[in-house]
Amino acid sequence: MSDHDQWTDASSAIAKGLAGVVVDTTSISKVVVSFLGTEDAASENVGERERLAAALRLTALLPTVIAAAMRRRRGLDPIAYAEHGFDASTFAARVVTSTGSDMYSAITAAIGALKGRLHGGANEAVMHTMLEIGDPERAAAWVAETLAARRKVMGFGHRVYRDGDSRVPTMKAALDEVAAVTGEQRWVRMYDALAAAMAERTGIAPNLDFPAGPAYYLMGLDIEMFTPIFVMSRITGWTAHIAEQSAANALIRPLSEYRGVDQRPVPATRH
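Keep in mind that what you see is a predicted model, and the values were worked out from it rather than measured.

Student: Just checking my understanding: could you explain unusual backbone geometry for this structure?
Tutor: Among all residues save glycine, negative phi is the norm, and among peptide bonds the norm is trans. At R150, a residue that is not glycine, the phi angle is positive and equals roughly 60°. Here R150 lies in the loop between helix 7 (139-148) and helix 8 (168-182).

Quick look at the structure:
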């Protein structure tokens, strides 16, 4: 059987298997990657050739999985971000790889990290925030209340881009374009109002998740699909990092510093 036939069979099996599944799509992605590992007879071989084959297979299949999951959510029959830097999900993939584990296990770990609301889940949180506020006129008051309660405003700040996320202007332009096509300007006004309120009160600029959330929403994507889109876009970067880690591997084992109580004696007991 050719690689194409194997991938087609796997895609069909996955699409059928999604019927009736009720968990979120990011969790489905983790399960599917694990399943693909069990279907790949060469998954335990961590040689360069096998890693490349696994990378191509994952890159080919995950968009099918995510598209099928979205159609399932909408009652239909099944049928942007790029990885960059050394973020949490990439680091998770490299840590697993450093142990000598296979690519499927490493990608499953990366998806688990990306699912977190402080990482890939932030774009979903942004849209939920905008829907909660509802009216752009309420944005400034909402920011004031949220900051007073010491709660985090999602979609602002970045661990690397301290002076503003360089990707934001491009995505904001896309948001403006989609809003113009759909005729729905409310989320653009919401974006501007929240960004202005945050700039005034904190000086913190938006990150990529802030314009991405409403842009995806205006494109008709379900909010639950925002993070899976992230997943399928990052497969190429994750697998490249895994290959790089494997080529010059050393076990990644960070040291920890104990900050608990001082050492205490344990009295001897007699039996």
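Now that the structure has been shown, we can carry on.
Student: Would you mind going over the side chain of D222 with me for this structure?
Tutor: For D222, the location among the structural elements is in the loop between helix 10 (209-218) and helix 11 (226-247). Once residues within four sequence positions are removed from consideration, D222 is found in contact with M70, R73 and R74.

Student: What am I meant to see in the pattern of salt bridges here?
Tutor: The final tally for this structure, using the stated rule, is 6 salt bridges. In this structure, D165 and R167 form a salt bridge, with 2.8 Å as the shortest nitrogen-oxygen distance. Taking relative accessible area as the criterion, D165 reaches 6% and is therefore assigned buried. K172 is paired through a salt bridge with D192; the nearest N and O atoms lie 3.8 Å apart. With a gap of 20 residues between them, K172 in helix 8 and D192 in helix 9 (residues 186-201) connect regions that are remote in the sequence. One salt-bridge network, held together by shared partners, links K172, D176 and D192.

Student: Please explain the packing of aromatic side chains as it appears in this structure.
Tutor: Each pair of aromatic rings is reported with the distance of its centres and the angle of its planes. For the coordinates displayed, the defined rule picks out 4 aromatic pairs. For the pair W187 and Y217, a centre-to-centre distance of 6.0 Å together with 90° between the ring planes defines the contact as edge-to-face. Remark: Y217 occurs in helix 10 and W187 occurs in helix 9; sequence separation between them is 30 residues. Residue classification places W187 among the buried positions, given a relative accessible area of 2%. Judged by its relative accessible area of 31%, Y217 is partly exposed. Arranged with centres 5.3 Å apart and planes meeting at 65°, the rings of Y216 and F226 form a pair that is edge-to-face. Separated by 10 residues along the polypeptide, Y216 in helix 10 and F226 in helix 11 bring together distant segments of the chain. Exposure class is identical for Y216 and F226. Each is buried. An aromatic cluster is present here, built from F156, Y191 and F210 joined pairwise through their rings. Positioned above the aromatic ring of Y191 is the side chain of K172, whose terminal nitrogen or guanidinium carbon lies 5.0 Å from the ring centre.

Cut-offs applied
Residues numbered from 1 in each chain as written. Predicted model: local features only at pLDDT ≥ 70, side-chain atom pairs only at ≥ 80, totals over all residues. Heavy atoms only, no water. Helix = DSSP H or I, 4+ residues; strand = E, 2+ residues; numbered from the N terminus. Contact = heavy atoms within 4.5 Å. Salt bridge = Lys/Arg side-chain N within 4 Å of Asp/Glu carboxyl O. Buried < 20%, exposed > 50% of the residue type's maximum accessible area, 1.4 Å probe, protein only. Phe/Tyr/Trp six-rings, centres within 6.5 Å; stacked < 30°, edge-to-face > 60°. Lys NZ or Arg CZ within 6 Å of the ring centre and 35° of its normal.

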